[in-house]
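# Breakdown of the fold
So you can see what is in the structure, the chains are spelled out below.
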Amino acid sequence: MRRSYGIENGLLVEKETEPAPVIVYISPDEAERRGLIEYDELDEHTLLSSLDPDELARLEFEPEHVAMIFKRPCNQTITGGENAHLEFKVASVGLFLFQEKLIVVQSQDMPIYPGGRPVNRDFSLREVLLRMLYRTIMHFLEHLKAINMMVDAIEKEINRSSENRHLISLFALEKSLVYYVNAINSNNALLQKMRNNVGKMGFSPEETDVLDDIIIENTQCGRQAEIYTNILAGMMDARASIVSNNLNVLMKTLTMITICLQVPTMVVSIFSMNVDLPIPSHNNWAFWFVMGLSVMALLGFMGIWRWRKW
């Protein structure tokens, strides 16, 4: 699917007429890919990499344009069937900057431009590109905040009930954070290469300052993602230890209950044998003697248990 946009007052406005300075392709079909390769002279490998979620961010200089691939968060997906949980994944987006147009290729229909006041009066396509990169960083931060809130909510649920679905949700969030850390670090390498080639890309001093701010924001975003990852990993280890300790306590309690039941049973079984006993069975006090002996055996066992601090 193809969409065309014009630039008006710092905003991208969809337009029907051609040519348009900003063209967005959403999951392009075979005919659109052929047109991009043959008419716009895009490299086929770079174009396909824009649709590959496992592709690393990179920057390439072609004779007629600058090609870059950066990572951005996907829309949340729910997976898992009965144990349904949210997963946060990343996608690749391709930006192809020409002298008079900017081509965006992405696999999902996601807003990538934040709008707002232009940096300078001469609002260029390079600033549109920078705003898209900045919007990606803000999108990562929004997702990181949502993940942190979800972890807090799941932790409260686990304290009330240690069901598998809660633990599976935590594992899914931990996996999502790993993807996010890798994607943010990959974007950081892309931004650093852009900073080293500002002259080759034609950035003005104002746009270079904006790029520096974007690099700082992305670095802080990466550190925050790493902190959340370390916290969640430590919490998962602690949770596993707590679950194991609770299981040990439960097994200890069940063992004590079982032995407490077995001791009186053993005493009664001895006096139930079909042999001659020192106590005549027809005596009225025989029953109470056996019951008392069973209680004494139980109390003796419990006393030994407490004395040994088992």
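Preceding this paragraph is the structure being described.
Let me begin by describing the structure that accompanies this report. (Residues numbered from 1 in each chain as written. Predicted model: local features only at pLDDT ≥ 70, side-chain atom pairs only at ≥ 80, totals over all residues. Heavy atoms only, no water.)

## Re the packing of helix α4 (residues 164-196) against helix α6 (residues 205-270)
- Interaxial distance between α4 and α6 falls to 9 Å at its minimum, and their mutual angle equals 155°. Comparing the axis directions of α4 and α6 gives the class roughly antiparallel. Of the two possible hands of crossing, α4 and α6 adopt the one that is left-handed.
- Looking at the contact of α4 with α6 residue by residue, the classes come out as 19 nonpolar, 9 polar and 5 charged. (Axes fitted to C-alpha atoms, helices over the stretch in contact; angles between N-to-C directions. Helix = DSSP H or I, 4+ residues; strand = E, 2+ residues; numbered from the N terminus. Parallel < 35°, antiparallel > 145°, perpendicular 65-115°, else oblique. Left-handed = near helix turned anticlockwise from the far one by under 90°. Nonpolar A, V, L, I, M, F, W, Y, C, P; charged D, E, K, R; others polar.)

## Description of the sheet that holds strand β5 (residues 66-73)
- The 7 strands are arranged β2-β1-β3-β9-β8-β5-β4 in an open sheet whose pairing can be described as mixed. Strands with a single pairing partner mark the edges of an open sheet, and in this sheet they are β2 (11-14) and β4 (58-61). Between one strand axis and the next, the sheet turns by 25° as a mean value, whatever way the strands run.
- Pairing of β5 with strand β8 (residues 90-97), which is carried by 8 bridges, proceeds in the antiparallel orientation. Counterpart to Phe70 in the pairing with β8 is Val93.
- Across the sheet, α4 touches β4, β5 and β8, and the angle it forms with β5 is around 155°. (Pairing = 2+ DSSP bridges. Contact = heavy atoms within 4.5 Å.)

## Description of the environment of Gln192
- With respect to the helices, strands and loops of the structure, Gln192 is situated in helix α4.
- Looking at Gln192, the relative accessible area reads 34%, which means it is partly exposed.
- Expressed as a C-alpha distance, the spacing of Gln192 and Ile215, which sit 23 residues apart in the sequence, is 7.4 Å. (Buried < 20%, exposed > 50% of the residue type's maximum accessible area, 1.4 Å probe, protein only.)

## Structural notes on the pattern of salt bridges
- Scanning the entire structure with this criterion turns up 10 salt bridges.
- The partner of Arg33 in a salt bridge is Glu30, and the shortest N-O contact between them spans 2.8 Å. Residue Arg33 and its partner Glu30 are both found in helix α1 (residues 30-38); the two are separated by 3 residues, about one turn of the helix.
- Here Arg58 makes a salt bridge to Glu55, at a shortest N to O gap of 2.4 Å. Each member of the pair, Arg58 together with Glu55, is buried.
- When salt bridges with common partners are traced through the structure, they connect Glu30, Arg33, Arg34 and Glu44 into a single cluster. (Salt bridge = Lys/Arg side-chain N within 4 Å of Asp/Glu carboxyl O.)

## Section: the packing of aromatic side chains
- Under the counting rule described, the total for this entry stands at 2 aromatic pairs.
- Taking the centre distance of 6.4 Å and the plane angle of 85° together, the rings of Phe88 and Tyr180 count as edge-to-face. With Phe88 in the loop between β7 (85-87) and β8 and Tyr180 in helix α4, this residue pair connects regions lying 92 residues apart in the sequence.
- On the basis of an interplanar angle of 85° and a centroid distance of 5.2 Å, the ring pair of Phe140 and Tyr180 is categorised as edge-to-face. Of this pair, Phe140 sits in helix α3 (residues 125-160) while Tyr180 sits in helix α4; the two residues are 40 residues apart in sequence, bridging distant segments of the chain. Across this residue pair, the class does not change: Phe140 and Tyr180 are buried.
- An aromatic cluster is built from Phe88, Phe140 and Tyr180, whose rings are joined through pairwise contacts.
- When the ring centre of Phe98 is taken as reference, the NZ or CZ atom of Lys101 above it lies at 5.1 Å. (Phe/Tyr/Trp six-rings, centres within 6.5 Å; stacked < 30°, edge-to-face > 60°. Lys NZ or Arg CZ within 6 Å of the ring centre and 35° of its normal.)

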